[in-house]
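So the chains spell out like this:
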Amino acid sequence: MKKIDRRNFLKGGLAGGAAVAATGTAATAKGAGTFGGYPDSMGVLVDLTKCVGCRTCEAACNKEQGLPAPEKPFNDTSVFDEIHEGGQKRRTTEKAYTVVNRYDVEGREGGPVFRKFQCNHCQEPACLTSCFVNAYKKTPEGAVIYNPKVCVGCRTCMIACPFYVPAYSYSSAINPVVKKCIMCYDTRLKFGRPPACVEACPQEVMVFGKRTDLIKLGHQRIKENPGKYVDHIYGETEVGGTSWMYLSDVPFDKVGFDTSLGNQPIISYVKEFLTVVPMVLTIWPALFTGFHLLSNRKEALKKEKETKGQEV
Amino acid sequence: MGGRTKKLLGVAIVVAALGAAPHAGLAAGGPATVELDSLSKLFGSVPFDHAKHTGLAGNCAECHHHTLGEAPVKENCGRCHKANQPAKTVACRQCHPAERFEAGYMASVAANPMLYHNGKPGLKGAYHQKCLGCHQAMGGPTGCEDCHTMTDKGEAFYRTGKYAPAPTAHQGGH
């Protein structure tokens with residue numbers, strides 16, 4: 001990963017500004033391309049029908065990431081009854097990069113649905129797009145990682161994320177930064193190994209593999225079990241696709257998924273606008289200063305003429 | 001490791017011998033108990049009462065799929081695996097890999113795109129999906145420690161027992 005410090009960041013900003021000033025089209029050309037994800041990136045397919053809510057994944061995440069001790073033991077299922085701010089179920093926090101929640105779905109045979117969630121590692125992440133210090137990176141392996149050293153704690157990514165995943169270290173008074181799942185990039189993914197939660201799961205709820213293979217596997221499961229699954233893999237297309245994808249036997253909106261996100265990457269909504277920003281910042285001041293001077297010159301000349309005439 | 005292999009081999013031989021004489025007392029056959037201990041780390045081994053479960057399932061194929069020469073339970077499986085085609089081995093671990101996401105295994109699956117069973121669960125997944133799935137459906141025990149006791153490593157991992165977090169004033173105060 002390229003090291004980004006304050007100097008490089010400023011240098012990059014200056015160079016970019018100069019490039020835009022020189023050719024107004026440079027930014028447009030770069031911004032207009034569609035990325036669509038790295039071809040061999042890895043992913044995880046989560047089958048909600050298999051999860052039994054044992055929370056082993058949470059314990060594995062805590063251990064792997066060296067997170068602080070939880071408030072309750074990981075085999076305590078009373079957490080499923082917790083209701084937090086605004087009637088919400090549990091969310092990811094600075095101390096827990098993944099959480100399992102229980103959803104009581106009316107009319108479902110076989111009891112409640114348990115849903116694990118964590119960062120979905122978007123193909124074109126909104127957090128990355130929104131970050132003005134370039135702390136985020138989508139790695140070719142599929143993980144969306146971030147550099148806490150350059151994070152200034154502005155929390156823009158928390159607002160940008162369509163899944164409300166990045167958490168904030170509110171507990172730190174001196175250097176609060178954003179915290180989230182990195183798909184065990186540093187310790188596992190980089191070496192071709194699955195995230196700790198995937199390997200720890202007793203039910204093999206999650207399958208780790210190439211994202212393209214997982215999409216095929218997901219559709220194969222849907223096809224081989226007629227009537228069992230909803231005919232959709234959540235994350236195959238949502239917000240331009242995510243590395244973590246889900247299969248379910250109940251409608252996704254019944255188990256905490258936002259089904260109104262659309263299939264466009266979040267960056268598409270701001271790309272057009274953002275390419276105009278440098279132009280506005282660089283060309284407009286010069287242009288309107290010119291107009292101002294031109295019109296003022298006219299006035300000034302007129303005035304000069306008038307005063308000259310009076311003098312004569 | 002050696003003992004375990006021997007034990008499983010023993011199981012395989014016993015069941016294979018039974019498989020050679022198809023259907024003759026199959027439901028009552030097989031080993032009386034099997035110690036499921038190849039994965040034990042956070043939890044102790046599972047003393048599996050094989051005799052009891054053969055009676056409950058009533059059909060070997062329920063757990064052993066097509067490997068004992070019985071017709072598979074799922075109709076779709078029967079399209080390839082018909083009855084009277086016993087496999088060489090019947091132990092779970094012979095087909096379900098303990099290291100499901102090991103790079104070598106994943107590469108071998110990827111290198112064989114025509115392989116039908118490309119999404120076959122690993123050993124841990126196979127045990128839990130099969131055991132727990134049936135226990136849920138038939139009202140059997142479903143708690144983790146109903147089948148296997150947690151080890152000291154397990155208590156540390158789940159932060160429970162003597163590793164449980166100290167209760168705080170906040171806890172349970174909602």
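Computed from a predicted structure; not experimentally measured.

So, the overall build of chain A
Here's step 1: Helices and strands together make up the secondary structure of chain A, namely eight helices and nine strands.
Here's step 2: The proportion of buried residues among the 312 residues of chain A is 44%.
Here's step 3: Look at the contacts in chain A between residues 6 or more apart in sequence, and 61% of them connect residues 24 or more apart.
Here's step 4: Total accessible area on chain A is roughly 16600 Å²; 58% of this is exposed by carbon and sulfur atoms.

Considerations on the pattern of salt bridges
Residue and element names in this part refer to chain A.
Here's step 1: Here the structure, examined in full by the defined rule, presents 13 salt bridges over all chains.
Here's step 2: A salt bridge links Arg221 to Asp47; the shortest N-O distance between them is 3.0 Å. In this pair, Arg221 is assigned in helix α7 (residues 211-224) and Asp47 in strand β1 (residues 42-47), connecting sequence segments 174 residues apart. The same class applies to Arg221 as to Asp47, namely buried.
Here's step 3: Where Glu64 meets Arg188, a salt bridge forms, and the shortest distance between an N and an O atom there is 3.3 Å. Placement of Glu64 in helix α3 (residues 56-64) and of Arg188 in the loop between β7 (178-179) and α6 (196-200) is noted, with a sequence separation of 124 residues between them.
Here's step 4: For Glu64, a relative accessible area of 26% puts it in the partly exposed group.
Here's step 5: Under the relative-accessibility criterion, Arg188 is labelled buried at 9%.

What about the nonpolar core?
Here's step 1: Judged by nonpolar contacts, the single largest core of 71 residues is most densely connected at Met206 and Trp244 of chain A.
Here's step 2: Those residues in contact with Met206 of chain A that lie beyond four places of it in its chain are Val44, Leu45, Val46, Lys116, Cys197, Val198, Cys201 and Trp244 of chain A together with Phe101 of chain B.
Here's step 3: In this structure, Ala59 of chain A together with Leu42, Met150 and Tyr158 of chain B belong to the second largest nonpolar core, which totals 11 residues.

Concerning the domain arrangement of chain A
Size of an interface, as often reported, equals the accessible area lost when the parts are brought together.
Here's step 1: Assigned domains within chain A: domain 1 (42-267) and domain 2 (275-306).
Here's step 2: Computed over C-alpha atoms only, the centres of domain 1 of chain A and domain 2 of chain A are separated by 52 Å.

Describing a nonpolar patch on the surface
Here's step 1: A contiguous nonpolar patch, built from Val276, Met279, Ile283, Trp284, Leu287, Phe288, Phe291 and Leu294 of chain A and spanning about 730 Å² of accessible area, is present on the exposed surface.
Here's step 2: In this fold, Trp284 of chain A is placed in helix α8 (residues 266-311).

Things to note about the environment of Lys137 of chain A
Here's step 1: Relative to the helices and strands, Lys137 of chain A resides in strand β4 (residues 136-138).
Here's step 2: Taking the C-alpha atoms as reference points, Lys137 of chain A and Lys308 of chain A, separated by 171 residues in sequence, lie 66 Å from one another.

As for the interface of chain B and chain A
Here's step 1: Contacts between the two partners involve 28 residues from chain B and, on the opposite side, 34 residues from chain A.
Here's step 2: Here chain B packs against chain A, burying approximately 2500 Å² in sum over the two surfaces, 54% of which is carbon and sulfur.
Here's step 3: Here Glu204 of chain A ties to Arg100 of chain B by a salt bridge, and the two come within 3.1 Å at their closest N and O atoms.
Here's step 4: Counting only elements with at least two residues in the side of chain B that touches chain A, the list comes to α7 (123-138), α8 (144-147) and α9 (152-158) of chain B.

Describing the packing of aromatic side chains
All names here are of chain A.
Here's step 1: Tallied over the full model, the rule gives 13 aromatic pairs over all chains.
Here's step 2: When the ring of Tyr136 is compared with that of Tyr146, the centres are 5.9 Å apart and the planes differ by 45 degrees; the resulting orientation is tilted. With Tyr136 in strand β4 and Tyr146 in strand β5 (residues 144-146), this residue pair connects regions lying 10 residues apart in the sequence.
Here's step 3: By relative accessible area, which is 8% here, Tyr136 ends up buried.
Here's step 4: On the numbers, 4.6 Å between centres and 50 degrees between planes, the contact of Tyr234 with Phe257 is tilted. Here Phe257 lies in the loop between β9 (244-247) and α8 and Tyr234 lies in the loop between α7 and β9, a separation of 23 residues in the sequence. Taken as a pair, Tyr234 and Phe257 share a single burial class, namely buried.
Here's step 5: Taken together, Tyr234, Tyr246, Phe252 and Phe257 form an aromatic cluster joined through their ring pairs.

Some points on the environment of Lys72 of chain A
All names here are of chain A.
Here's step 1: One can find Lys72 in the loop between α3 and β2 (99-103).
Here's step 2: Judged by its relative accessible area of 13%, Lys72 falls in the buried class.
Here's step 3: Here Glu82 takes part through its side chain, which lies 2.9 Å from a polar atom of the side chain of Lys72.

Section: the sheet that holds strand β8 (residues 206-210) of chain A
Residues and elements named next belong to chain A.
Here's step 1: Reading across from one edge, β8-β1-β9 is the order of the three strands in this open sheet, with mixed pairing throughout. Two strands in the sheet have a free side with no partner beyond their single neighbour: β8 and β9. Taken pair by pair, the neighbouring strands of this sheet meet at an average axis angle of 25 degrees, ignoring direction.
Here's step 2: Sheet strands in contact with α7 are β1, β8 and β9, and its direction is about 135 degrees off that of β8.

As for the pairing of strand β2 (residues 46-49) of chain B
All names here are of chain B.
Here's step 1: Only one face of β2 is covered, namely the one carrying Val46 and Phe48; the face carrying Pro47 and Asp49 has none of its residues buried.
Here's step 2: Relative to β2, strand β1 (residues 33-36) runs antiparallel, the two being bridged by four bridges. Bridge pairing links Thr33 to Asp49 in β2.

Definitions and cut-offs
Residue numbering note: each chain is counted from 1, following its sequence as written. Going through the entries in the order they are written, you letter the chains from A and number the ligands from 1. Given that the model is predicted, a residue must reach a pLDDT of at least 70 before its local features are reported, and side-chain atom pairs must reach 80 or more before they are shown or counted; all residues, however, enter totals for whole chains, interfaces and linings. Each side-chain value is derived from all of the structure's non-hydrogen atoms; neither hydrogens nor water enter the calculation. We count a stretch as a helix when DSSP gives it H or I for four or more residues in a row; a strand needs E for two or more, and each element gets its number in order from the N terminus. The cut-offs for exposure are 20% and 50% of the maximum accessible area for each residue type, with area from a 1.4 Å probe on protein chains only; residues under the lower value are buried, those over the upper are exposed, and the others partly exposed. We call two residues in contact whenever any of their non-hydrogen atoms come within 4.5 Å of each other. For every accessible area listed, the method is Shrake-Rupley and the probe measures 1.4 Å; residues are considered covered only by the protein chains on display. Salt bridges are counted wherever a side-chain nitrogen of Lys or Arg sits within 4 Å of a carboxyl oxygen of Asp or Glu. Residues enter a nonpolar core if they are buried and are Ala, Val, Leu, Ile, Met, Phe, Trp, Tyr or Cys, with the set joined through side-chain atoms within 4.5 Å. All domain edges in this entry derive from an automatic or database-based domain assignment. Exposure above 30% relative accessible area and the lack of any salt bridge qualify a residue for a patch; like charges then connect within 9 Å, and the nonpolar side chains Val, Leu, Ile, Met, Phe, Trp and Tyr within 5 Å. Accessible-area loss on putting two parts together, using a 1.4 Å probe and summing over both, is the definition of buried area adopted here. Planes of paired rings set the category: under 30 degrees apart is stacked, over 60 is edge-to-face and the rest tilted, where pairs are Phe, Tyr or Trp rings (Trp by its six-membered ring) whose centres lie within 6.5 Å. We call two N or O atoms a polar contact when they sit within 3.5 Å, provided that within protein one can donate a hydrogen and the other can accept it, with sequence-adjacent residues counted only if both atoms are side-chain atoms. Two strands make a pair as long as DSSP finds a minimum of two bridges between them. The angle between two axes is taken between their N-to-C directions and runs from 0 to 180 degrees, where each axis is a line fitted to C-alpha atoms and a helix contributes only its stretch in contact.

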